[in-house]
Amino acid sequence: MSNPEVQMTFQTLAWRDGALELLDQRALPTRVTTVTCAGVMDVFEAIRNLTVRGAPAIGVAAAYGMVLSISDAAASLERVRAQLDEDARRLKAARPTAVNLMWAVDRMMRAAAASDAYDAAGLRDHLEREAIAIHREDQAMCRKIGEIGLPLFIDGMNILTHCNAGALATSGIGTALAPIYCAHARGVRLHVFADETRPVWQGARLTMWELMQQGVPCTLITDNTAASLFAKQRIDAVIVGADRIAANGDVVNKIGTYNLAVLAVHHGVPFYVAAPTSTFDPALPNGRHIPIEERSSTEVSNVGPVRLAPPGAKIYSPAFDLTPSDLVTAIISDQGITPGGRDG
Ligand code: MRU
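About the cut-offs
Residues numbered from 1 in each chain as written. Predicted model: local features only at pLDDT ≥ 70, side-chain atom pairs only at ≥ 80, totals over all residues. Heavy atoms only, no water. Pairing = 2+ DSSP bridges. Helix = DSSP H or I, 4+ residues; strand = E, 2+ residues; numbered from the N terminus. Axes fitted to C-alpha atoms, helices over the stretch in contact; angles between N-to-C directions. Contact = heavy atoms within 4.5 Å. Near = heavy atom within 4 Å. Polar contact = N/O pair within 3.5 Å; in protein donor to acceptor, adjacent residues only side chain to side chain. Areas by Shrake-Rupley, 256 points an atom, 1.4 Å probe, with all protein chains shown as cover. 1 Å grid on protein atoms, 1.4 Å probe; cavity = no way out; pocket = protein on both sides within 12 Å on 5 of 7 lines; lining within 4 Å. Sits in = over half its atoms within 2 Å of the grid points. Nonpolar A, V, L, I, M, F, W, Y, C, P; charged D, E, K, R; others polar. Buried < 20%, exposed > 50% of the residue type's maximum accessible area, 1.4 Å probe, protein only.

Colleague: Could you give me a rundown of the sheet that holds strand β2 (residues 19-23), with the residues and numbers involved?
Modeller: The strand order across the open sheet formed by 3 strands is β1-β2-β3, and the pairing between neighbours is antiparallel. Only two strands of the sheet have a single neighbouring strand rather than two, namely β1 (13-16) and β3 (34-37). Adjacent strand axes in the sheet meet at a mean angle of 25°, parallel and antiparallel pairs treated alike. Of the pairings in the sheet, the one linking β1 to β2 comprises 4 bridges and is antiparallel in character. Of the residues in β2, the one forming a bridge with R16 is A19. Against the sheet, helix α2 (residues 55-68) makes contact with β1, β2 and β3, and its axis sits at roughly 20° relative to β1, the strand it touches most.

Colleague: Please give an account of the site of the ligand that cites residues and values.
Modeller: Contacts to the ligand come from 17 residues, most closely from R53, R95, D243, N253 and K254. Take G54: an N or O atom from its main chain is 3.0 Å from an oxygen atom of the ligand. Alone, the ligand offers 410 Å² of accessible surface; in the complex the protein occludes 99% of this. In this structure, the ligand is accommodated by the largest cavity. Per-class residue counts for the shell around the ligand are 7 nonpolar, 6 polar and 4 charged.

Colleague: Give a detailed account of unusual backbone geometry, specifying residues and quantitative values.
Modeller: Here the residue pair L28 and P29 is connected by a cis peptide bond, since its omega of 0° sits within 30 degrees of zero. Looking at where P29 falls in the secondary structure, it is placed in the loop between β2 and β3. The residue after R198, namely P199, is reached through a cis peptide bond having omega 5°. Tracing the sequence through the fold places P199 in the loop between β5 (191-195) and α7 (202-214). The backbone of C163 shows a phi angle near 60°, a positive value even though the residue is not glycine. By the secondary structure assignment, C163 is in the loop between β4 (158-161) and α6 (178-185). For C163, a relative accessible area of 6% gives the class buried. With a phi close to 65°, W201 is a non-glycine residue in the positive phi region. Mapped onto the secondary structure, W201 falls in the loop between β5 and α7.

This is the structure we're talking about:
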């Protein structure tokens, strides 16, 4: 089967003239604007404050961050290598859950260690080539996920997705949305229900924006509408992305993913997870070992600048949850489709 042509109307990130340009995902969909990261600390901040988000995208951004770590082409190699060590530690701490971040930074450090460059400028060129390779591979993995997942989606299906695992979460055509884009490009008629995805609204702001940009029929729902749609048999499949997948197939993804997996089992609807190789963490035996980021309470207490919760309200805000492998129908990766642990 040939690769269906999917053209996105925007670029999540771009390496331009030695700087990293990021589509500012905090401003979408109201404003389409970019942020330029000229130094490694700009990249660190952009990852932390969600200018760039989504596991594969933050991995690619961090790879370029490592290039930007070498800011002085005249510095001694010893000094540059010490700085790379420090910046690698810093970047990896920017967000703890998505393993793509650690994967990309570790790969950049291995490239630095293997380089026989005799000065800082040579090492920077070497790292730039590695970051560009990571970027291209991410794009290729997304395309592959799209192609591999395509046959699972047939004409007339209603698909539920959570958070944003589309082009905005990667440097390519996305993970969970990639098969949908490929199907759409081939004239397969699909309709997507997008969970709004509290507390940061990645579904409402980002998934809806990019699906609408691509002309994919879609409907926004509140997170708590999903159960009633299942009950009315209006969902034929669920597909989500992942921030980290453990060796046993447990999946950590945006908070609320687990709810959908339980609902999908109850209603006999397939639950698919789409993720590139860089999201797998074979070193972790199961998902209980995956660190879950907790975010600022104001993301829950407020909607933008408007505070809704009473002052002093105690708030618990994990950014991700764990879906055990036995609730997953299959994982779609760039390597193929692996059955999850779910029966039937
Ligand atoms: O907090 P975010 O927006 O970075 O969370 C993103 C998700 O949970 C995505 O589903 C996941 O990173 C997969 S993206 C292809």
